[in-house]
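Structure assessment
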Amino acid sequence: MNKCQLNTELSSLEGARSEFNRSTTAIKLGIDVHQDFYVVVKQEGGTNPKPAQRFQKEAFLHWVAKLTKEGAEMHAVL
């Protein structure tokens, strides 16, 4: 009789921690502040960073407010 074994691999220590602790994933933002706009790179958990996005100040504040409402732990580097 054959037995199937499910083998899942988590890609990072942070991913493993959130999987077993059921905590929210940390969102990390790298922010390059310019006079007229912000350039932001977002990384969720241990995943690869997303491509940079360019925001006007008001749009950036709205986007961050939306992310924080989802309950994620936020970290930012300027």
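To start, this report covers the structure provided alongside it.

The rules we used
Residues numbered from 1 in each chain as written. Predicted model: local features only at pLDDT ≥ 70, side-chain atom pairs only at ≥ 80, totals over all residues. Heavy atoms only, no water. Phe/Tyr/Trp six-rings, centres within 6.5 Å; stacked < 30°, edge-to-face > 60°. Buried < 20%, exposed > 50% of the residue type's maximum accessible area, 1.4 Å probe, protein only. Salt bridge = Lys/Arg side-chain N within 4 Å of Asp/Glu carboxyl O.

**A short note on the packing of aromatic side chains**
- With the rule as written, the count across this model stands at 4 aromatic pairs.
- Ring centres of Phe55 and Phe60 lie 6.0 Å apart, and the angle between their planes is 65°; on these two criteria the pair is classed as edge-to-face.
- Take Phe60: its relative accessible area is 8%, and that puts it in the buried class.
- Between Phe60 and Trp63, the ring centres sit 6.3 Å apart and the planes meet at 45°, which makes this aromatic pair tilted.

**Considering the pattern of salt bridges**
- All told, the structure shown has 1 salt bridge when counted by the stated rule.
- Residue Lys42 is joined to Glu44 by a salt bridge in which the shortest nitrogen-to-oxygen separation is 3.1 Å.

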